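So you can see what is in the structure, the chains are spelled out below.
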Amino acid sequence: MIVPDPDNAIELSPAAVAALCDRRAGIGGDGVLHVVRSAAHPEARELAGEAEWFMDYRNGDGSIAEMCGNGVRVFARYLQHAGHVAEGDLTIATRGGVKSVHIAKDGDVTVGMGGARLPEGEVTVRVGERSWPARNVNMGNPHAVAFVADLAHAGDLYSPPPVRPEGAYPDGVNVEFVVDRGPRHVAMRVHERGSGETRSCGTGACAVAVATARRDGADPAVTGTPATYTVDVPGGRLVITERPDGQIEMTGPAVIVAEGAIDGEWLENALR
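Quick caveat, the model's predicted, so the values are computed rather than measured.

A. The arrangement of the overall build of the protein in detail. Counting its regular elements, the protein contains five helices and 16 strands. Rg of the C-alpha trace for the protein: 18 Å, near the compact-globule value of 19 Å for 272 residues, within the 12% margin. With the C-alpha coordinates aligned to their principal axes, the bounding extent of the protein is approximately 50 × 40 × 30 Å. Classification of the 272 residues of the protein by burial places 46% in the buried group. Look at the contacts in the protein between residues 6 or more apart in sequence, and 59% of them connect residues 24 or more apart. As displayed, the protein has an accessible area near 12,900 Å², and 48% of this comes from carbon and sulfur atoms.

B. Molecular detail of the pairing of strand 9 (residues 142–147). Along strand 9, five of the six residues are buried, which leaves the element largely enclosed by surrounding structure. Inspection of the sheet shows strand 8 (residues 130–138) paired to strand 9 by five bridges, in the antiparallel sense. Bridge pairing in strand 9 places Arg135 opposite Val145. Linking two consecutive strands that pair antiparallel, namely strand 8 and strand 9, is a turn of three residues; a positive phi of about 95° is found at Gly140 within it. Where strand 9 meets strand 11 (residues 174–182), five bridges bridge the pair, whose relative direction is parallel. Bridge pairing in strand 11 places His143 opposite Asn174.

Each value, and the rule that gives it
- By convention here, each chain's residues receive numbers from 1 onward along its written sequence.
- Confidence filtering applies because this is a predicted model: local features only for residues at pLDDT of at least 70, side-chain atom pairs given and counted only at 80 or more, and all residues used for totals across whole chains, interfaces and linings.
- Side-chain metrics in this entry use all non-hydrogen atoms of the structure; hydrogen atoms and water are not considered.
- Going along the chain from the N terminus, every DSSP run of H or I of four or more residues is numbered as a helix, and every run of E of two or more is numbered as a strand.
- Only C-alpha atoms enter the radius of gyration, while the globule expectation follows 2.2 Å times N to the 0.38, with N the number of residues.
- Accessibility here uses a 1.4 Å probe with only protein chains present; expressed as a share of the type maximum, an area under 20% marks a residue as buried, one over 50% as exposed, and anything in between as partly exposed.
- Residue contacts follow a heavy-atom distance rule, with two residues in contact if any of their heavy atoms lie within 4.5 Å.
- In short, Shrake-Rupley with a 1.4 Å probe defines the accessible areas, and a residue's cover is counted only from the protein chains shown.
- Here, a strand pair is defined by DSSP locating no fewer than two bridges between the strands.

Keep in mind that these numbers describe shape and distance, not what the molecule does.
Below, the structure written as C-alpha cells:
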C-alpha cells in the first residue's frame, strides 16, 4: 500500500498502519510505503543530497523495517506514475541505505540492492517435526535461507518458524524455504517478520540467490563472472544477478492496480 506524503505531514502510528493493512477490516497489504521527501524526514535528511525521496517502509503489523526490495520497485513505479520521475535512473533513500533504481521502457524495474553479508554461525529452522540447516544472509535486513525437498514442508507460515539458536536474530528474521526448479532456477516461500507469509520478498529473493550460488559453488568475487538466478515467488518471478564487485541487482515488474482516498472517520474509528 502506498501513502503519498511528500512533506511528512501524516503521522502513521503502528496502530494506523496495522488497521490499514488489515485484509478484512482495512484496505489490506503486507506493508505501507510512506512516500516522503528525504529532506522532510528526520531519518533521511542527511541522505537528501543523494536521493530526493525516502521510502519510509512499515511492516503490516506497524513495525518499522530497514528495507523492502520489492517495495523499492513499487516505490519507483509510483514516483513515475505521479510524475515525480521519468524512465531511466534514479536513487531512493531507505533505512538500509541509498538504492540505485532503473525504470525500463518495458515496465521492468531494476534495483541495486547493495551487497550481501554472510555472518558466521550455524542456524537451524524448524517447522513441526522437520528441521533444516539455514544459511545466514544479511541484505540490510536478516534472512535465514533453508533448502527443502517440498515447499509444502514450510507449513502454513502463519507464525514465525522457530530459528535456533535463540538470540541469533534479536530483532527477528525473515525465513525463506527454497526448492530447485532447474539450472540456476529456484522457487521460494517466505515468512517475513512482522507480516507473515507474503507473496514476494525482494531482499529475500536476493538472499536466496546468494545462498543458492554459494551452495552451488559459485562466488562471483572469486570467479569474476556474474551469477544470475531466476527466483519464483508465489506472486511472480524475479531475476537476481550478483556481480563480481559484490553488488546485487534485482529485476521484475511493478504495477499500480488502484488509487483512492482513505476515509478519515473510518481511520479514527479503527484506532479507538
